[in-house]
Amino acid sequence: MKLNKLFSGLLFIVAGLLTSCDQDNVGAKYTPTTQNISFEMETPEQMVVKTSSVEIPIRVIRSLSESSYTAHYSISGNEDGYFSDPNNGSITFETGQTVCVIKLTAQNLESGEEYECTLNLSEEDIATADEILNNAKSKTTIKVKRDFEWESLGVGHFTSKSFLDEWNVEVEKAVGINVYKMKDLFQTGADVIAKIKDDNTIEVKPQFAWTDNTYGKISVVGNYDGKNSGYAGVYVPGDKTIQMYLNHYVPSWGFVNGSYGTFEETLILP
């Protein structure tokens, strides 16, 4: 709806062009000779949950299935112990199986918080990678967020200097905390969340906001201080106005190289 607006501040720095390789012939003729143990995805989509605990299925795949095989892995980034592994770092492919599932558990999750850990294959399993296929993933990073409980606040008014437009937006508030969700803000299905802190400063953490036809998913982050720290601006209680400065950027290119620029965005609460 609003994506037909053109940004005037496109500041991409293009470092190179992607090249592609045609493996059609390889796939049609090549027969694997190694186990080629691999996580199915290196960076799965963040899982958003409503409960304090959740089971997370993680698929591990291999190329051969003529016999059973036991793979081993470790977990890093779990110093606080939010993730537990009933498999104790090993899974077994039975004869005929090319897919095995690790059922990781995340527990004691707090509302609004994000949790992350990384699973790493053992050196022995990494050594089974097929160098011809070159498609093995030796690690996978799991991200989980426990969502707030939301209640409808009504319809607010949004003014955007990035999209050079203004429109009404449905606003929800997290129960018990000054966190606000702007529903479908820049495009349908993409909500943007802002927090009013005790000192009336605004925090907007990095989050998906809209999709560019060329560059894919675009994120925003608070950038009032020019440091992309999440600090987005201030709340004016008398006017019920959330005034934010948001950097629109391509996540894979980073805050600077992938930036469209930082723009003032204003929400008047219902």
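Since this is a predicted model, take the numbers as computed values, not measurements. (Residues numbered from 1 in each chain as written. Predicted model: local features only at pLDDT ≥ 70, side-chain atom pairs only at ≥ 80, totals over all residues. Heavy atoms only, no water.)

1. So, the environment of Asn108
At step 1: Inspection of the secondary structure puts Asn108 in the loop between β7 (99-106) and β8 (114-121).
At step 2: With a relative accessible area of 56%, Asn108 lands in the exposed category.
At step 3: The spatial distance from the C-alpha of Asn108 to the C-alpha of Val54 is 9.5 Å, given a sequence separation of 54 residues.
At step 4: Those residues in contact with Asn108 that sit more than four places away from it in its chain are Ser52, Tyr82 and Tyr115. (Helix = DSSP H or I, 4+ residues; strand = E, 2+ residues; numbered from the N terminus. Buried < 20%, exposed > 50% of the residue type's maximum accessible area, 1.4 Å probe, protein only. Contact = heavy atoms within 4.5 Å.)

2. Side note on the pattern of salt bridges
If the charged atoms of two oppositely charged side chains come close together, the side chains can form a pair.
At step 1: Going through the model one piece at a time under the given rule, you end up with six salt bridges.
At step 2: The shortest N-O distance in the salt bridge between Arg59 and Glu40 comes to 2.8 Å. Taken together, the residues Arg59 in strand β3 (residues 54-61) and Glu40 in the loop between β1 (38-39) and β2 (47-49) connect sequence positions 19 residues apart.
At step 3: For Glu45, the salt bridge goes to Lys217, with nearest N and O atoms at 3.2 Å. In this pair, Glu45 is assigned in the loop between β1 and β2 and Lys217 in strand β16 (residues 216-222), connecting sequence segments 172 residues apart. (Salt bridge = Lys/Arg side-chain N within 4 Å of Asp/Glu carboxyl O.)

3. Focus: the confidence of the model for the protein chain
At step 1: Confidence along the protein chain averages 91 in pLDDT terms, with 90% of residues attaining 70 or more.
At step 2: Every residue in residues 3-23 scores below 50 in pLDDT, and together they form 35 contacts with partners more than four places removed in sequence or on other chains. (pLDDT = per-residue confidence, 0-100.)

4. Regarding the pairing of strand β9 (residues 139-146)
At step 1: By the criterion of burial, β9 is predominantly enclosed, with six of the eight residues buried.
At step 2: Bridge count between β2 and β9: three bridges; the pairing is parallel. In the sheet register, Val49 faces β9, and the bridge partner there is Arg146. (Pairing = 2+ DSSP bridges.)

5. Points about the environment of Gln46
At step 1: Along the chain, Gln46 falls in the loop between β1 and β2.
At step 2: According to the relative accessible area criterion, Gln46 is partly exposed, its value standing at 32%.
At step 3: A sequence separation of 68 residues divides Gln46 from Glu114, and the C-alpha atoms of the two residues are 9.2 Å apart.
At step 4: In contact with Gln46, not counting residues within four places along its chain, are Glu114, Lys143, Val144 and Lys145.

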